[in-house]
Amino acid sequence: IEDEQPLSNDERDVLRDANATFLQPERLENVSRSAMASLRAEALTEVDYVAFCRACDRYLDRQLEHGHLVDRCALQVAPHEAGLLVVVLSLCAGGDAVERAAALGRILDCGDRDRLDALVGWLVQTGQIRPSKQVAEGSSSFPAQTYERRDAHGLVEEALAEAGVEGPFSDADVTAVL
């Protein structure tokens, strides 16, 4: 699972550290909403990556540091749905994980299960959910323990059970699940 991630942990840290003071979760939310509105795109709408970047540039007052890492991540994940590209952009965002999760939940309007599953899937694709969370014990333990990879739906199912949350989801519910 670690080998499938588009960026290494160190690269994600460099990207976030270089842009954290500039791109706080509130600004991520404003830039993302504005870019999606200018592209007339919903979270699940496929958009051109270059057009998305140009739209974001209009709402950012400076260039992102280490943008080549953002490009590499975006080019390794597909299809380029607007929501996925917002999640890629969130790799640059500062704040803690809870603040970023809350912002993503609001940006992508994750009030229903399908949207929440999509968001978790995009977080997995961009390497923002730890690989250890994506692995579960399989049904066979003899002669050796087997393991299975959880998909986004399975990850959300487990998180909903742990948080004791049922849909439709409030912003606080989405944040608790993420």
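**Some thoughts on the confidence of the model for the protein**
When the pLDDT values of the protein are averaged, the result is 91; 99% of them are 70 or greater. Ranking the helices and strands of the protein by mean pLDDT puts helix H5 (residues 82-89) first, with 97, and strand E1 (residues 135-137) last, with 76.

**Observations concerning the environment of Leu85**
Among the structural elements, Leu85 can be located in helix H5. Residue Leu85 is classed as buried on the basis of its relative accessible area of 1%. If we ignore the near neighbours within four places in the chain, the residues touching Leu85 are Val47, Tyr49, Phe52, Ala74 and His80.

**Notes on the packing of helix H3 (residues 49-59) against H5**
Interhelical geometry of H3 versus H5 gives an angle of 55° and a closest axis separation of 11 Å. Our classification of the angle between H3 and H5 gives oblique. Relative to H5, the crossing made by H3 is right-handed. Touching Tyr49, Phe52 and Cys56 of H3 are Ala82, Leu85, Val86 and Leu89, all from H5. Counted by class, the contact of H3 with H5 contains 7 nonpolar, no polar and no charged residues.

**With respect to the nonpolar core**
One finds Leu108 and Leu116 to be the most contacted residues of the largest nonpolar core, which totals 51 residues. Where this core is concerned, the elements lending two or more residues are helix H2 (25-38), H3, helix H4 (67-76), H5, helix H6 (97-107), helix H7 (113-125), helix H8 (152-163) and helix H9 (171-177). Here the element with the most residues in this core is H5; it accounts for 7 residues. Contact partners of Leu108, with chain neighbours within four places excluded, come to Met36, Ala43, Gly83, Val86, Val87, Arg115, Leu119 and Trp122.

**Topic: a negative patch on the surface**
Side chains of Asp109, Asp112, Asp114 and Asp171 sit close together on the surface and give a patch of like negative charge. Looking at the secondary structure, you find Asp109 in the loop between H6 and H7. Residue class for Asp109 comes out exposed when judged on its relative accessible area of 53%.

Criteria and cut-off values
- The residue numbers shown here count from 1 along each chain, following its written sequence.
- Only residues with pLDDT of at least 70 are given local features in this predicted model, and only at 80 or more are side-chain atom pairs given and counted; all residues enter the totals for whole chains, interfaces and linings.
- With hydrogens and water excluded, all non-hydrogen atoms of the structure serve as input to the side-chain values.
- Values of pLDDT, which run from 0 to 100, indicate the predictor's confidence residue by residue.
- For helices the rule is a DSSP run of H or I covering at least 4 residues; for strands it is a run of E covering at least 2, with both sets numbered from the N terminus onward.
- Here's how the labels work: a residue is buried when its accessible area is under 20% of the maximum for its type, exposed when over 50%, partly exposed in between, all with a 1.4 Å probe on protein chains only.
- Here, residues are in contact when the closest pair of their heavy atoms is within 4.5 Å.
- To obtain each axis, a line is fitted to C-alpha atoms, and for helices this fit is confined to the stretch in contact; angles are then taken between N-to-C directions over 0 to 180 degrees.
- Oblique is the label for every angle not falling under 35 degrees (roughly parallel), over 145 degrees (roughly antiparallel), or within 65 to 115 degrees (roughly perpendicular).
- Crossing handedness is read from the near helix: turned anticlockwise from the far helix by less than a right angle, it gives a left-handed crossing, and turned clockwise, a right-handed one.
- Residues are grouped as follows: nonpolar covers Ala, Val, Leu, Ile, Met, Phe, Trp, Tyr, Cys and Pro; charged covers Asp, Glu, Lys and Arg; every other residue, Gly included, is treated as polar.
- Working definition of a nonpolar core: buried Ala, Val, Leu, Ile, Met, Phe, Trp, Tyr and Cys residues. They are joined through side-chain atoms within 4.5 Å.
- Two joining distances apply to patches: 9 Å for like charges and 5 Å for nonpolar side chains (Val, Leu, Ile, Met, Phe, Trp, Tyr), and every residue must have over 30% relative accessible area and no salt bridge.
- Accessible areas in this description were obtained via Shrake-Rupley with a 1.4 Å probe; residue shielding takes into account the shown protein chains only.
- We define a salt bridge as a side-chain nitrogen of Lys or Arg found within 4 Å of a carboxyl oxygen belonging to Asp or Glu.
- The charged-residue count follows a simple rule in which Lys and Arg add positive charge and Asp and Glu add negative charge, with His and chain termini not counted at all.
- To locate a charge, take atom NZ for lysine, CZ for arginine, CG for aspartate or CD for glutamate.

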